[in-house]
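An overview of the molecular structure
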Amino acid sequence: MHDTGEITGVKTTLEQVAAMLEEMRRHLTTLSEDQALWLPPGGDVWPIQRSVTHCVNCEHRAVTELGRAMKGQATPETIPADTGIFAWFGPTPYALARLVGDLKRQVEALSNALDSSHLDVEAVRYPNHPPRKLVDYVEVMRHHTEAHLAAIKKKLAAVPPAKECDAGVREAYPNFGRGAEARGTSQTSRSDHSRG
């Protein structure tokens, strides 16, 4: 018989993953397209959009594979390039924000479906990865999401002011990037104060 505190810990970890995904989604909605794709100086090749896309792909895979493992199904064959391709050629920031919201709800649904009987379930995140028990598996999810969210926040602190979106983009997504415009204004006033 398993300790119910252990499954409570797993559910708490999944709630943390869901909260971090929601934070990523909120950040995306404040960025213009050029800000989401902005690369800081120094050779970093992961703009915010690519980091979020990578997280969505990996954590969606994690949720899917845990669900499959809970049903006794095997992990399908993929190669590491599968996540890389999605991260480099993924959706626009606006579509990505919706995908992040969908994934957050999937993580919450997984958490709600879990009970102590699932503690012995082992899942493989990708072929050639070691199988991990549920507790360890969701901890890998949390750590991975947390690491990318920290990198995203670092970029958000330095992202340049937004350019105006293309008219068609603005028409289709009138609220996206509006927070970025306000951030651009506050950055300008900060730099004005620093000169004064």
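Preceding this section is the structure that the text describes.
Everything numeric in this text was worked out from a predicted model, so none of it was measured.

**Description of the overall build of the protein chain**
A count of helices and strands for the protein chain gives eight helices and two strands. Reading the protein chain from its N terminus to its C terminus gives the helix and strand order α-α-α-α-α-β-β-α-α-α. Residue burial in the protein chain is summarised as follows: out of 196 residues, 42% are buried. Residue pairs at least 24 apart in sequence account for 79% of intrachain contacts in the protein chain once pairs closer than 6 positions are excluded.

**Regarding the pattern of salt bridges**
Applying the stated criterion across every chain, the model contains nine salt bridges. Across the pair Lys153 and Glu23 runs a salt bridge whose closest N-O atoms are separated by 3.1 Å. With Lys153 in helix H6 (residues 134-156) and Glu23 in helix H1 (residues 4-29), this residue pair connects regions lying 130 residues apart in the sequence. A salt bridge links Lys104 to Glu108, with the nearest nitrogen and oxygen atoms 3.2 Å apart. Here Lys104 and its partner Glu108 are both found in helix H5 (residues 93-113), four residues apart, which amounts to about one turn of the helix.

**Concerning helix H3 (residues 48-70)**
The terminal C-alpha atoms of H3, which comprises 23 residues, lie 33 Å apart, in line with the 33 Å expected from a rise of 1.5 Å per residue. Summarising burial for H3: 18 of the 23 residues are buried, a large majority. Immediately beyond the C-terminal end of H3, within one or two residues, lies Gly72, with a positive phi of roughly 80 degrees.

**Observations regarding the nonpolar core**
The biggest cluster of nonpolar side chains holds 36 residues, and the ones touching the most others in it are Val10, Leu14, Val52, Leu66, Val107, Leu134 and Met141. Counting only elements with at least two residues in this core, the list comes to H1, H3, H5 and H6. Ranked by the residues each element gives to this core, the list is headed by H1, at nine residues.

**Focus: the packing of H3 against H6**
Close contact between H3 and H6 brings their axes to 10 Å; oriented N to C, the two are set at 170 degrees. In terms of orientation, H3 and H6 fall into the roughly antiparallel class. Where H3 abuts H6, its residues Ile48, Ser51, Val52, His54, Cys55, Cys58, Glu59, Arg61, Ala62, Val63, Glu65 and Leu66 lie against Leu134, Tyr137, Val138, Met141, His144, Thr145, His148, Ile152, Lys155 and Leu156. Classifying every residue of the contact of H3 with H6 gives 13 nonpolar, five polar and four charged.

**Focus on the environment of Thr13**
As for its placement among the helices and strands, Thr13 is situated in helix H1. Taking the C-alpha atoms as reference points, Thr13 and Val140, separated by 127 residues in sequence, lie 9.8 Å from one another.

**Some details on the side chain of Ser111**
Looking at where Ser111 falls in the secondary structure, it is placed in helix H5. A relative accessible area of 4% means that Ser111 is categorised as buried. Once residues within four sequence positions are removed from consideration, Ser111 is found in contact with Lys11 and Leu14.

**Concerning the packing of H1 against H6**
Two numbers describe how H1 lies on H6: the axes approach to 9 Å, and their chain directions differ by 25 degrees. Considered as vectors, H1 and H6 are oriented roughly parallel to each other. For the element pair H1 and H6, the recorded crossing hand is left-handed. Broken down by class, the residue content of the contact of H1 with H6 amounts to 14 nonpolar, five polar and six charged.

**Quick look at the side chain of Glu65**
Relative to the assigned elements, Glu65 resides in helix H3. In this structure Glu65 touches Ala74, Thr75, Pro76, Ala123, Val124, Arg125 and Tyr137, once residues within four positions along its chain are discounted.

Quick notes on the rules
Residues numbered from 1 in each chain as written. Predicted model: local features only at pLDDT ≥ 70, side-chain atom pairs only at ≥ 80, totals over all residues. Heavy atoms only, no water. Helix = DSSP H or I, 4+ residues; strand = E, 2+ residues; numbered from the N terminus. Buried < 20%, exposed > 50% of the residue type's maximum accessible area, 1.4 Å probe, protein only. Contact = heavy atoms within 4.5 Å. Salt bridge = Lys/Arg side-chain N within 4 Å of Asp/Glu carboxyl O. Expected span 1.5 Å × (residues − 1). Core = buried A, V, L, I, M, F, W, Y, C linked by side-chain atoms within 4.5 Å. Axes fitted to C-alpha atoms, helices over the stretch in contact; angles between N-to-C directions. Parallel < 35°, antiparallel > 145°, perpendicular 65-115°, else oblique. Nonpolar A, V, L, I, M, F, W, Y, C, P; charged D, E, K, R; others polar. Left-handed = near helix turned anticlockwise from the far one by under 90°.

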